[in-house]
Amino acid sequence: MTPAAKPLKTGRIAGPLDTVVLVGASAALWALAARWVGPQVLTGPVDTIGYLGGLFADPEFRASVWETTRAFSLALAIAWASGLAIGMMLGAHRLTGEVAEPILTALYSIPKITLYPVILLFFGLGMPARVAFGAIHGIVPVALFTMAAVRGVRPVYFRTARSLRLGPLATARHIILPACLPGIVSGLRVGFSLTLLGTLIGEMFASQRGLGHMVIRAMETNDVRLLIALALFLVTVATGAGALLLAVDRRVARLGAGRG
Amino acid sequence: MTRAGLLRTGIIAAALGALEAACRLGAIDRFSLSPPSEMATSALRILTSGEYTRDILVTFATVAGAALLSVVAGFALGVLLYRLPRLKRAADPFLASYYAVPSFIFYPLFIVLFGLNRWPLVAVAFVFAFVAMAIASVDGFLSVRPILLRTAASLRLTRMETLRLVILPAAAPYLFTGVKLTIVYAFIGVVAGEFILSGSGLGYRIAFAYQSFETATMYGLMLILICAVVTVNMLLWSHEKRLHARLTR
């Protein structure tokens, strides 16, 4: 959660290679663990990848992926848009921010999984419940990060804007937005992860469709192979997206540092 | 109380009042949501009757155990990542997306490994929580200003002395944030696990009350859980704010 990671002394090529080595080492550990506890408890990496490959031909799996993608996109759009709006408002107005910050922090800490009966009672089983579950996980972190970013804009920037006679819109566009972009992007990144988590949890408890539902069914029928294959799929997708957003985050942070 | 604090109290009271009115006047279906006053009486009844005391204590003990393990292991991992920058660089994408994967999917695995007792819950909460501590620790270590490290070097401190006398105090606010997150995440992990599969604990009781249509009991238990988590979190948060204020001074 620091604004910018320190530049490390590794070269351009060493970075990706290290990641490959790390993935290889993790796979080896996984294989060893699977060998140790037996395939009834944990299937090995080779089996799992083979099984996952077969899953892509399964229409039910493809339908689940599509369902989850739809619910997640909608939830993410809601979480990002409202989180940004709330965060900007709270960041720009000092007193409102002071009033709301502890409330947001408290909301952030509640195990939202306990609220699933409430969400179910209001939205029923289905798409709206899943979207709502995803969105409530994502909104608060995006708002908190955005608020902190807007608040962190150095006062001298505002004074410069005033001395240049910029209007409020021009100030927002040319001063505030560029100045707090790194913080905002970090918030969007965290919001992405938590919205995905929320959507999947929503599907696990409040839905008859989607990947989360497949996970809970695999748990109930003790289908270890399916469970581990789904876990691998989710980890891969989440990590891929996370790495992409992290790269954007770093680039923006560097731009910001260069400018400041 | 400050002006912001007064306003905040007013807003919360108004929200609760509006909710109470909406429930009483029938704008919100009674079966879906109890009025806050009924939730509170139900929570009080639960606490005084002692019927659920064991579950409450069991949940808290599990959270405490998992949080303790997570703080220790997360701190150790943070030190490791700090000492090995290449490892950190390689692991960054995984750390960044760690919380997008619901760790609960490994819960059945832990049940098979540990048996159906409290240990799978400790394990699932640990897996969920320790990475937050590791990320906070390594962020804290990296935030230590280079001049402090150069001073330590010029004073010829050993590595352990540098860690103990320079890095740890300088990174303390971050470490504290890590501890706070770890406790919050341990709560989420334990309660989620209890929801999925368990024979005791607050999460289990809430799910059970929901399934048997005992709305009043469900909201009473929820209120107890949420109040407990928010209280713990607010205490830690106010202390954390003080620590961070020290940083910017």
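Right above here is the structure, for reference.
Only a predicted model underlies this, so the values are computations on that prediction, with no experimental measurement involved. (Residues numbered from 1 in each chain as written. Chains lettered and ligands numbered in written order. Predicted model: local features only at pLDDT ≥ 70, side-chain atom pairs only at ≥ 80, totals over all residues. Heavy atoms only, no water.)

Helix and strand counts for chain B stand at 10 helices and 0 strands. Moving toward the C terminus, one meets the helices and strands of chain B in the order α-α-α-α-α-α-α-α-α-α. Within chain B, the fraction of its 249 residues that count as buried is 50%. Counted over contacts in chain B with a minimum sequence separation of 6, partners at least 24 positions apart contribute 72%. Per element, the accessible surface of chain B, about 12,000 Å² overall, is 70% carbon and sulfur. Distance from the positive charge centre (22 side chains) to the negative charge centre (11 side chains) of chain B: 17 Å. (Helix = DSSP H or I, 4+ residues; strand = E, 2+ residues; numbered from the N terminus. Buried < 20%, exposed > 50% of the residue type's maximum accessible area, 1.4 Å probe, protein only. Contact = heavy atoms within 4.5 Å. Areas by Shrake-Rupley, 256 points an atom, 1.4 Å probe, with all protein chains shown as cover. Lys, Arg positive; Asp, Glu negative; His and termini not counted. Charge placed at Lys NZ, Arg CZ, Asp CG, Glu CD.)

This part is about the nonpolar core. Counting 112 residues, the largest nonpolar core has A:Phe61, A:Phe205, A:Leu211, A:Val215, B:Tyr185 and B:Phe195 as its most contacted members. A total of 15 residues in this core trace back to one element, the largest contributor, which is helix α8 (residues 159–196) of chain B. What B:Phe195 contacts, discounting residues up to four positions off in sequence, is A:Ile113, A:Thr114, A:Tyr116, A:Phe205, B:Gly203, B:Tyr204, B:Ile206 and B:Ala207. If you look at the next biggest cluster of nonpolar residues, it comprises 8 residues, including A:Val142, A:Ala149, A:Val153 and A:Cys180. (Core = buried A, V, L, I, M, F, W, Y, C linked by side-chain atoms within 4.5 Å.)

Throughout the structure, instances matching the rule amount to 4 cavities of 30 Å³ or more. Looking at the largest cavity, its volume works out to about 150 Å³. Elements with a minimum of two residues in the lining of the largest cavity: α8 (168–206) of chain A together with α8 of chain B. Considering only residue class, the lining of the largest cavity consists of 10 nonpolar, 1 polar and 1 charged. Volume-wise, the second largest cavity comes out at about 50 Å³. In terms of residue count, helix α5 (residues 107–114) of chain B provides more of the lining of the second largest cavity than any other element does, 3 residues in total. Residue composition of the lining of the second largest cavity, grouped by class: 6 nonpolar, 1 polar and no charged. (1 Å grid on protein atoms, 1.4 Å probe; cavity = no way out; pocket = protein on both sides within 12 Å on 5 of 7 lines; lining within 4 Å. Points joined across faces, edges and corners; volume = space filled by probe spheres on them. Nonpolar A, V, L, I, M, F, W, Y, C, P; charged D, E, K, R; others polar.)

It is worth spelling out the interface of chain A and chain B at this point. With 56 residues of chain A at the interface, the matching set in chain B holds 62 residues. Buried surface at the junction of chain A and chain B, both sides included, amounts to about 5,500 Å², of which 77% is carbon and sulfur. Put simply, chain A and chain B have 3 salt bridges between them. A:Asp18 is the partner of B:Arg86 in a salt bridge, and the nearest nitrogen-oxygen pair spans 2.7 Å. Where chain A meets chain B, there are 6 residue pairs in polar contact (both at pLDDT 80 or more). Looking at the side of chain A that touches chain B, the elements that each hand over two or more residues are α1 (14–37), α4 (94–109), α5 (116–123), α8, α9 (210–220) and α10 (224–259) of chain A. When grouped by side-chain class, the residues that make up the side of chain A that touches chain B number 40 nonpolar, 10 polar and 6 charged. (Buried area = accessible area lost by both parts, 1.4 Å probe. Salt bridge = Lys/Arg side-chain N within 4 Å of Asp/Glu carboxyl O. Polar contact = N/O pair within 3.5 Å; in protein donor to acceptor, adjacent residues only side chain to side chain.)

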